[in-house]
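What follows is the residue order along each chain.
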Amino acid sequence: MNVLILPMLINEFKVHFNKSLIDIYPQNEVNSFFRILTDHFFQWPPTFSVLNPDHRLTAKESNQLSAALLDLIKHKPVQYITQEAFFYNRNFYVDENVLIPRPETEELISWVLDDSKDNGAQRRVLDIGTGSGCIPITLAKEENNFTIDALDISTGALEVAKKNAQRHKVEINFFKVDIRESISWPYPLDIMIANPPYVEPDEKNKMLPNVLEYEPHLALFTPHNHPLFYYDKIIELSRTFLKSGGCLYLEINPVHATALATLIKANHFDYIEIRNDIFGKKRMLKALKS
Ligand code: GLN
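About the cut-offs
- Position numbers for residues start from 1 in each chain and track the written sequence from start to end.
- Confidence filtering applies because this is a predicted model: local features only for residues at pLDDT of at least 70, side-chain atom pairs given and counted only at 80 or more, and all residues used for totals across whole chains, interfaces and linings.
- Side-chain descriptors were evaluated using all non-hydrogen atoms of the structure, hydrogens and water having been removed beforehand.
- We call a residue buried when its accessible area falls under 20% of the maximum for its residue type, exposed when it is over 50%, and partly exposed in between, using a 1.4 Å probe and counting protein chains only.
- Starting at the N terminus, helices and strands are each numbered in turn, a helix being any DSSP run of H or I of at least four residues and a strand any DSSP run of E of at least two.
- In this context, the arc is that of the directions from the helix axis out to the C-beta atoms.
- Contacts were defined at the residue level, with two residues in contact if any of their heavy atoms lie within 4.5 Å.
- In this scheme, strands are said to pair when DSSP sees at least two bridges between them.
- Only the stretch in contact is used when a helix axis is fitted, and all axes are lines through C-alpha atoms; the angle between N-to-C directions ranges over 0 to 180 degrees.
- Throughout, near means a residue has at least one heavy atom within 4 Å of the molecule or strand.
- Any N or O atom pair separated by 3.5 Å or less is treated as a polar contact, with the protein-specific requirement of one donor-capable and one acceptor-capable atom, and with residues adjacent in sequence counted only for side-chain atom pairs.
- Computed with a 1.4 Å probe, the accessible areas rest on the Shrake-Rupley method; for each residue, only the protein chains presented here act as cover.
- Residues are grouped as follows: Ala, Val, Leu, Ile, Met, Phe, Trp, Tyr, Cys and Pro are nonpolar; Asp, Glu, Lys and Arg are charged; every other residue, Gly included, is polar.
- Definition used for salt bridges: Asp or Glu carboxyl oxygen within 4 Å of a side-chain nitrogen of Lys or Arg.
- Multiplying one less than the number of residues by 1.5 Å gives the expected span of a helix.
- Within this scheme, the nonpolar core is defined by two criteria: the residues are buried Ala, Val, Leu, Ile, Met, Phe, Trp, Tyr or Cys, and they are joined through side-chain atoms within 4.5 Å.
- Pairing of aromatic rings covers Phe, Tyr and Trp, the last counted by its six-membered ring, and requires centre-to-centre distances within 6.5 Å; plane angles under 30 degrees mean stacked, over 60 mean edge-to-face, and any other angle means tilted.
- Relative orientations are named as follows: roughly parallel for angles under 35 degrees, roughly antiparallel for angles over 145 degrees, roughly perpendicular for angles from 65 to 115 degrees, and oblique for any other angle.
- Take the far helix as your reference; a near helix turned counterclockwise from it by less than a right angle gives a left-handed crossing, and one turned clockwise gives a right-handed crossing.

**Regarding helix α12 (residues 257-265)**
Of the residues making up α12, those classed as buried are A257, L260, A261 and I264. The buried side chains of α12 occupy one side of the element, clustering within an arc of 100° when seen end-on. Opposite the packed face of α12, turned more than 90 degrees from it, sit the exposed residues T258 and T262. Here the buried face of α12 lies against α11 (229-241), β7 (242-251), β8 (269-276) and β9 (282-289).

Right under this line is the structure:
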């Protein structure tokens, strides 16, 4: 016997979507997933489903939404489903080669931009562990006086970053570099910036499955028992390549903020400031080279 399944009305699909996700995500997030997906797939304005509750989903619409729903049930971040993430009001391509840009990192960018507002000089900037390229690309869009290089260990991440630089029409020099090896840099730098891996493997039990199961561990985790491992490498690089009076900006793990400040003070820096993020956590550090 053939059963004829009528395509669902949008309202019916919404009920199904909600029921399938409500035990996994808060209601406001479920609502926002629906809006993000229907905007991304069909360019529907947020009011579309409210104003057209009887819209019958086409087979294509229904398939796209159902596939996305299955991914969300499996905790896949919505940004990896749509392959886009907003950062500093710009749309970046993302996939599982790169971390999804975070609002904390936008705050680090604002700090760099505020500091360089009244300085007309041309400055050379290096971003270490660039991932999606959201840091150097945003800096290049917002500040004309920066010449920016960026590096990453991951070929996949560098492809994403280059794609984003093209999308936003900025010139950044990208390099594949492993900072665990000894490297040399051709130019003295005015600014170094980094959001390196800073989560300790022991913190895994506090992490949500959407991060743990989908985001690149290479970009998240430090080696066991070495929470400052990558900062140590960056400080070493800054010894030779950061100009005297140059500035280092870091995104940091709040748990190790004090230990990191101590490490930086014991090196060639004479001013250190730590700032909280919007969630009240010690998340950013700035240091001036002596
Ligand atoms: N902020 C990220 C997180 O909490 C970590 C980013 C990083 O390790 N650099 O998941």
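**Points about the sheet that holds strand β5 (residues 173-176)**
Strand order in the open sheet formed by seven strands is β5-β4-β3-β6-β7-β9-β8, and the pairing between neighbours is mixed. Single-partner strands in this sheet number two, and they are β5 and β8. Neighbouring strand axes in the sheet, compared pairwise and without regard to direction, differ in orientation by 15° on average. Here strand β4 (residues 146-152) runs beside β5; their pairing, made up of four bridges, is parallel. Considered in β5, the bridge of L151 is made with F175. Contacts between helix α8 (residues 155-167) and the sheet are confined to β4 and β5, with β5 contributing the most and set at about 175° to the helix.

**So, the site of the ligand**
Close to the ligand lie L99, R102, E104, N195, P196, P197, Y198, V199, A219, L220 and E251. Residue R102 places a side-chain N or O atom 2.9 Å away from an oxygen atom belonging to the ligand. One of the backbone nitrogen or oxygen atoms of L220 is found 3.3 Å away from an oxygen atom of the ligand. Contact with the protein chains covers 87% of the free accessible surface of the ligand, which is 300 Å². For the shell around the ligand, the class distribution of residues is seven nonpolar, one polar and three charged.

**Things to note about the pattern of salt bridges**
As enumerated under the stated definition, the model contains 11 salt bridges in all. Between K76 and E96 there is a salt bridge, with its nearest N and O atoms 3.6 Å apart. Taken together, the residues K76 in the loop between α4 (59-73) and α5 (78-82) and E96 in the loop between β2 (90-93) and α6 (103-116) connect sequence positions 20 residues apart. With a closest N to O distance of 2.8 Å, R90 and E142 form a salt bridge.

**Brief notes about the pairing of β8**
Where β8 lies against β9, seven bridges are found, and the strand directions are antiparallel. Bridging across to β9, Y271 finds its partner in L288. Taking the residues between adjacent antiparallel strands as the criterion, β8 and β9 are bridged by five residues, where G280 takes a positive phi near 80°.

**So, α8**
In an α-helix, one full turn covers 3.6 residues, which means residues spaced three or four apart are oriented alike. Taking 1.5 Å as the rise per residue, α8 with 13 residues should run 18 Å; its terminal C-alpha atoms sit 18 Å apart, in good agreement. In this structure, the buried residues of α8 make contact with β2, α7 (134-142), β4 and β5. With a side-chain oxygen positioned 3.3 Å from the backbone nitrogen of G156, the residue opening α8 is S154. Positive phi appears at K169, one or two residues downstream of α8, with a value of about 55°.

**Here's the deal with the environment of I109**
Within the secondary structure, I109 sits in helix α6. Once the C-alpha coordinates of I109 and E215 are considered, the two residues, 106 residues apart in sequence, prove to be 22 Å apart. For I109, the contacting residues outside a window of four places in its chain are F87, Y88, C134, I135, T138 and L139.

**What about the nonpolar core?**
By size, the foremost hydrophobic cluster in this structure holds 33 residues, and its most contacted members are I128 and L250. Mapped onto this core, the elements with two or more residues apiece are β3 (123-128), β6 (189-194), α11, β7, α12 and β9. Broken down by element, the residue count for this core peaks at six residues, all from α11. Beyond its immediate stretch of four places on either side in the chain, L250 contacts L108, A194, Y231, I234, L260, I264, R283, M284 and L285. Membership of the second largest hydrophobic core comes to 27 residues, among which are I109, V125, A140 and A165.

**Points about the packing of aromatic side chains**
In the structure shown here, the tally under the stated rule is 11 aromatic pairs. Consider the rings of Y25 and F33, whose centres lie 4.9 Å apart with planes at 90°: the pair is edge-to-face. F33 carries the same exposure label as Y25, and that label is buried. Residues F87 and F92 carry aromatic rings whose centres are separated by 6.1 Å and whose planes lie at 80° to one another, so their mutual orientation is edge-to-face.

**Some points on the packing of helix α1 (residues 10-21) against α4**
Their axes nearest at 10 Å, the elements α1 and α4 cross at an angle of 15°. Taken together, the axis directions place α1 and α4 in an arrangement best described as roughly parallel. As α1 packs across α4, the resulting crossing turns out to be right-handed. Residues F13, H16, F17, S20 and L21 of α1 touch α4, and the partners they reach there are L65, S66, L69, L72 and I73. Class assignment of the residues belonging to the contact of α1 with α4 gives a composition of seven nonpolar, three polar and no charged.

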